[in-house]
Every structure is written in C-alpha cells, then in structure tokens.
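Coordinates in review
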Amino acid sequence: MNPKALLERHGIHPSRALGQNFLHDPGALQKIVSCADIAPQETVLEIGAGTGTLTQALLGAGAPVIAVETDARLLPLLRATLPDTPQLRLLHADILTLDLAELLAPHPWVCVANLPYYITGAILRHLLQCRHRARCLVLTLQLEVAQRLVAAPGDLGLLAVSVQFYGQPRIVGRLRPAAFWPRPEVDSAVIRIDLHPQPALDVPDEATFFRVLRAGFSQRRKQLRNALGSGLGIRAAAAADLLAAANIDPRRRAQTLALEEWAALARALRDA
C-alpha cells in the first residue's frame with residue numbers, strides 16, 4: 001500500500017515540523033539497500049522508520065534491523081504493517097538522545113536511513129562521532145547537501161570536512177520528488193560514506209582538530225589569519241605564526257584548505 005493510503009487509513013497527516021516525506025518508490029528502496037552491501041552478521045540502524053517501506057526492504061537483506069521512529073503516531077501503523085520477527089527491533093526515540101555505542105556494540109553495524117532534511121547535520125555528527133564506529137552510512141539527503149559533502153578543496157564547508165575526516169563520501173544515486181509522498185520541493189540524493197576504522201589523518205586528537213576547524217570556519221569570508229585569530233581567541237600575529245608553521249598562506253580562506261592542511265594546523269596548535 002502506498003504511504004498516502006496507509007496514512008489515511010490510520011488517520012495520520014504528515015508532519016512538516018518533522019520533515020516527513022515518505023520514500024515509496026520500490027526501485028529506489030532496493031537500490032538503497034543494495035548500496036549498503038549488508039552482511040547477515042551486521043546490525044542495520046534505520047533512522048525514521050516512517051511507514052515501514054524501507055524497513056521492509058532492509059529486513060529482506062537478512063540482517064537484524066533496529067528501526068528508530070520519533071513520531072508516536074506512526075508506531076501503531078508500523079506494528080500493524082511490519083512482520084513480527086525477532087530480526088526487527090522497533091524503538092520509539094529521538095535518535096539524537098540515544099547512546100549509539102551502547103545500543104549497537106559489540107556487533108558490526110551500518111546505518112541506512114532517509115534523513116529528515118532539517119536535522120541532517122546534527123544526525124550526521126551523532127553517527128560519525130559514535131565511539132563504536134559503523135562500517136558505512138547510506139543516507140538519503142537533499143541533493144544540494146549531498147553535493148556539498150563530496151566537495152573538493154576550494155568549495156569545502158565545515159560539515160564536509162567533518163564527514164571527510166571520518167570517511168569517504170560518494171553520491172550513489174539521485175531521487176526525484178515523485179519517489180516520495182508528500183513530494184519534497186527539492187531533488188534528493190543517496191550518499192554512501194565508508195568510514196575509516198580510525199581517522200586517516202595524523203592529528204594530535206579529535207578535539208584539537210575540530211577546535212581548529214571550527215575556528216577556521218567561524219568567519220569563512222575572512223582570511224584565515226583573521227578567522228583563526230578570532231576563533232581561537234589569539235592575536236592575528238599568533239594565528240599567522242600557526243599558519244606559517246603549517247606552511248599555509250595566511251591570506252587563504254577556510255574553504256580552500258585540504259584535509260591534510262587542517263591536520264597540519266592542528267599539529268601546529270599542539271606544538272605551540
């Protein structure tokens with residue numbers, strides 16, 4: 001049954017506040033599942049079970065699924081339509097409040113989800129910073145956001161550098177608005193992020209790396225000498241010294257730096 005009819009049967013109207021656009025295209029659902037290369041011994045985390053269409057497809061891959069849904073109205077619908085199987089655990093929760101390591105350890109896991117577009121950044125950070133790291137994330141995002149995440153130096157933003165610090169993102173498909181109900185006003189993309197078992201960059205620690213990163217992007221229109229000085233609470237001359245130690249021109253702007261240059265800045269801050 002399509003999402004519109006299913007929701008009407010249960011007297012539910014999609015919530016704009018929760019960013020609810022339910023993916024229902026069978027071809028898109030199967031492509032998303034196949035992109036995750038799910039192994040039977042892995043656990044699949046789904047964020048936003050919605051009407052259960054992606055959940056059903058994920059169960060077909062043969063691995064246990066933990067489906068998290070924050071909208072209490074959808075739980076009776078999900079319990080009525082999803083199979084009663086020990087392979088499925090349905091949680092009523094806000095994903096941002098869950099300790100993912102406690103929920104998923106010690107088993108290997110992947111995340112496959114159609115994310116609410118309005119909190120994509122917060123959910124990405126929550127997933128990436130989990131101390132029990134996922135093998136990969138396969139996420140449906142707004143196309144514009146997906147394109148920013150795979151950007152190269154010259155067009156990098158704070159979220160893109162953060163994602164690329166933890167893993168390798170690539171766009172594996174595009175979805176038109178007709179694949180969802182209600183139709184979103186923008187095109188969407190499926191992105192796969194293969195996570196590094198450990199950060200691939202030589203940094204003193206993650207806290208120092210992200211301190212430098214946030215400072216650099218705090219005023220992205222300004223030259224790094226000024227943005228870093230303001231963001232780190234140091235004089236512009238001291239910020240210029242850090243940049244010189246990292247062999248970076250102080251007149252450059254944050255979006256032009258490659259990941260290794262951010263790592264070099266973090267090392268320079270440690271040494272200073």
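In the block above lies the structure referred to throughout.
Let me begin by describing the structure that accompanies this report. (Residues numbered from 1 in each chain as written. Predicted model: local features only at pLDDT ≥ 70, side-chain atom pairs only at ≥ 80, totals over all residues. Heavy atoms only, no water.)

1. Observations concerning helix 10 (residues 224-232)
Residues of helix 10 that are buried: Leu-224, Ala-227, Leu-228, Gly-229 and Leu-232. Next to the buried residues of helix 10 lie helix 9 (206-217), helix 11 (236-245) and helix 12 (259-271). Just past helix 10, the residue Gly-233 takes up positive phi, approximately 70°. (Buried < 20%, exposed > 50% of the residue type's maximum accessible area, 1.4 Å probe, protein only. Helix = DSSP H or I, 4+ residues; strand = E, 2+ residues; numbered from the N terminus. Contact = heavy atoms within 4.5 Å.)

2. Section: unusual backbone geometry
Cis geometry marks the peptide bond from Ala-105 to Pro-106; its omega dihedral reads 5°. Cis peptide bonds are those with omega within 30 degrees of zero, and the linkage from Trp-181 to Pro-182 qualifies with -10°. Of note, Pro-182 is situated in the loop between strand 8 (180-181) and strand 9 (188-195). Look at Asn-247: it is not a glycine, yet its phi comes out positive at around 60°. Counting through the fold element by element, Asn-247 comes out in the loop between helix 11 and helix 12.

3. Things to note about the pairing of strand 6 (residues 136-142)
Counted residue by residue, strand 6 has six buried out of seven residues, so it is predominantly covered. Across five bridges, the pairing between strand 5 (residues 109-114) and strand 6 is parallel. Counted as the bridge partner of Val-112 is Val-138 from strand 6. Note on the crossover from strand 5 through helix 6 (residues 120-128) to strand 6: the handedness is right-handed. (Pairing = 2+ DSSP bridges. Right-handed = clockwise from strand over helix to strand, strands pointing away.)

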